[in-house]
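Fold and geometry: a report
Single-letter residue listing:
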Amino acid sequence: MKQAKLWLILTAVFITLNCTQTKVVTFTDPDAVGKSYNRIGVVADVEDLSERADIEEQMVETMKDNGISAVTSISLLPPTREFTVEQENKIFRDNRVDALAVIQIDDSGYYVTTEPISVNTETRKVDGKKVKSTTVSGGGTEQKAFSQFRVSLIDLESGKTMWIGDADARSNFDSIDPDWDMEILLKASSKKIIKSLLATGLVKN
């Protein structure tokens, strides 16, 4: 019974992930030639602690799935403490981090789509008389999630941005739950972002 439930959940996630559209645009800095990083520190530049933890954990999970060594910043830098930039960098270096993947949310929310209204009129005979019947369909609305964010790969030693990737993700399904909607979009976006980053050779797997 448990296996059947797990299979249903995995199937639902697979279907949902394939019902998203994600566009990724990237740029590699000329100074990145010959660079390669072994361990990435993931930093979500957001105020909300819950969102920060979720975003960082999802990105780290995606990186690890692709063989990239990565760690969340929130696990190294407790949000209960204040750190200088120098202190943060030392903590990262002490944990073998040599580059940071900084995530910035540009925009996220929902857009509404309306199904076109279709009017169909039929004429049929009833007791020898012509009778017209009209049916109206469509006109319903759907609320679909979208998110836009940027990932910047920063060389820890120099502080230079070596690579940036913008992801624009949209769902093709009606809103299910705000938290789940955004989680699905983040999963789809992070997969494409990491695939593009791997193609540059800047990270090792």
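Every value quoted in this text rests on a predicted model; they were computed, and no experiment measured them. (Residues numbered from 1 in each chain as written. Predicted model: local features only at pLDDT ≥ 70, side-chain atom pairs only at ≥ 80, totals over all residues. Heavy atoms only, no water.)

**So, the pattern of salt bridges**
As a reminder of what qualifies: A pair is scored as a salt bridge if a Lys or Arg side-chain nitrogen falls within 4 Å of a carboxyl oxygen belonging to Asp or Glu. The numbering of helices and of strands both runs from the N terminus, where a helix is a DSSP run of H or I of at least 4 residues and a strand a run of E of at least 2. Exposed residues in this analysis have more than 50% of their type's maximum accessible area, buried residues have under 20%, and partly exposed residues fall in between, with area computed by a 1.4 Å probe over protein chains only.
Enumeration according to the criterion identifies 5 salt bridges in this entry. Across the pair Asp155 and Lys35 runs a salt bridge, and its minimum N-O distance is 3.8 Å. In this pair, Asp155 sits in strand β7 (residues 141-155) while Lys35 sits in the loop between β1 (20-28) and β2 (39-44), placing the two residues 120 residues apart along the sequence. Take Asp155: its relative accessible area is 5%, and that puts it in the buried class. Between Glu56 and Arg52 there is a salt bridge, with its nearest N and O atoms 3.2 Å apart.

**Topic: the side chain of Arg52**
Filter applied, for reference: Between two residues, a contact is recorded if the distance between any of their heavy atoms is within 4.5 Å.
Along the polypeptide, Arg52 turns up in helix α2 (residues 49-65). If near-sequence neighbours (up to four positions away) are discounted, Arg52 is found in contact with Ala44, Val46, Ser73, Ile74, Leu77 and Pro79.

**Describing the side chain of Ser152**
Checked against the element boundaries, Ser152 lands in strand β7. Residue Ser152 is classed as buried on the basis of its relative accessible area, which comes to 8%. Not counting residues up to four positions away in its chain, the partners in contact with Ser152 are Leu100, Ala101, Val102, Gln104, Thr161, Trp163 and Ile164.

**Things to note about a negative patch on the surface**
For clarity, the threshold we go by: Each patch is built from residues that are more than 30% exposed by relative accessible area and take part in no salt bridge. Like charges join if they lie within 9 Å; nonpolar side chains (Val, Leu, Ile, Met, Phe, Trp, Tyr) join within 5 Å. The Shrake-Rupley method, run with a 1.4 Å probe sphere, supplies the accessible areas, and residue values consider only the shown protein chains as cover. Think of it this way: Lys and Arg go in the positive column, Asp and Glu in the negative one, and His and the chain ends go nowhere. A single reference atom marks each charge: NZ on Lys, CZ on Arg, CG on Asp, CD on Glu.
Taken together, the side chains of Asp48, Glu51, Asp54, Glu57, Glu61 and Asp65 make up a negatively charged region of the molecular surface. Structurally, the position occupied by Glu61 is in helix α2.

**Quick look at the nonpolar core**
The following threshold applies: Nonpolar core, defined: a set of buried Ala, Val, Leu, Ile, Met, Phe, Trp, Tyr and Cys residues in which side-chain atoms within 4.5 Å join the residues together.
Ranked by size, the top nonpolar core spans 27 residues in total, and within it Ile40, Met59, Met63, Phe149, Val151 and Leu153 carry the most contacts. Mapped onto this core, the elements with two or more residues apiece are β2, α2, β4 (99-114), β7, β8 (161-171) and α4 (178-200). Sequence-distant contacts of Met59, that is, excluding residues within four places in its chain, are made with Val42, Ile103, Phe149, Val151, Ser190 and Ile194.

**Comments concerning the pairing of strand β3 (residues 69-72)**
What counts is decided by this rule: Whether two strands pair depends on DSSP finding at least two bridges between them. Here the term right-handed applies to a crossover when the path leading from its first strand over the helix to its second strand runs clockwise, the strands being oriented away from the viewer.
As paired elements, β2 and β3 share 4 bridges and run parallel to each other. What sits directly across from Val42, in β3, is Thr72. The β-α-β motif built from β2, the intervening α2 and the parallel element β3 has right-handed crossover chirality.

**Overview of the environment of Gln143**
Looking at the element boundaries, Gln143 is found in strand β7. As for Gln143 and Thr114, which are separated by 29 residues in sequence, their C-alpha atoms are 9.0 Å apart.

**What about the environment of Asp168?**
Note the cut-off: Within 3.5 Å is the distance limit for a polar contact, defined as a pair of N or O atoms, with the added protein rule that one can donate a hydrogen and the other accept it, and that residues adjacent in sequence qualify only through two side-chain atoms.
Secondary-structure assignment places Asp168 in strand β8. Among the residues examined, Asp168 registers a relative accessible area of 25% and is labelled partly exposed. In sequence terms Asp168 and Lys23 are 145 residues apart; their C-alpha atoms lie 5.1 Å from each other. In contact with Asp168, other than residues within four places in its own chain, are Gln21, Thr22, Lys23, Ser147 and Gln148. Within the structure, the side chain of Asp168 is placed 3.3 Å from the side chain of Gln148, a separation counted as a polar contact.

**A short note on a nonpolar patch on the surface**
Together, Ile117, Val119 and Val136 make up a nonpolar patch on the protein surface, roughly 320 Å² of accessible area in all. Mapping Ile117 onto the fold places it in the loop between β4 and β5 (118-126).

**Quick look at α2**
Filter applied, for reference: For a helix, the expected span equals 1.5 Å multiplied by the number of residues minus one.
With 17 residues, α2 extends 24 Å between its outermost C-alpha atoms, agreeing within 8% with the 24 Å of an ideal straight helix rising 1.5 Å per residue. Buried within α2 we find Arg52, Ala53, Ile55, Glu56, Gln58, Met59, Val60, Thr62 and Met63. For α2, the capping residue at the N-terminal end is Asp48, with a side-chain oxygen 3.0 Å from the backbone nitrogen of Ser50. Phi turns positive one or two residues past the end of α2, at Gly67, with a value near 80°.

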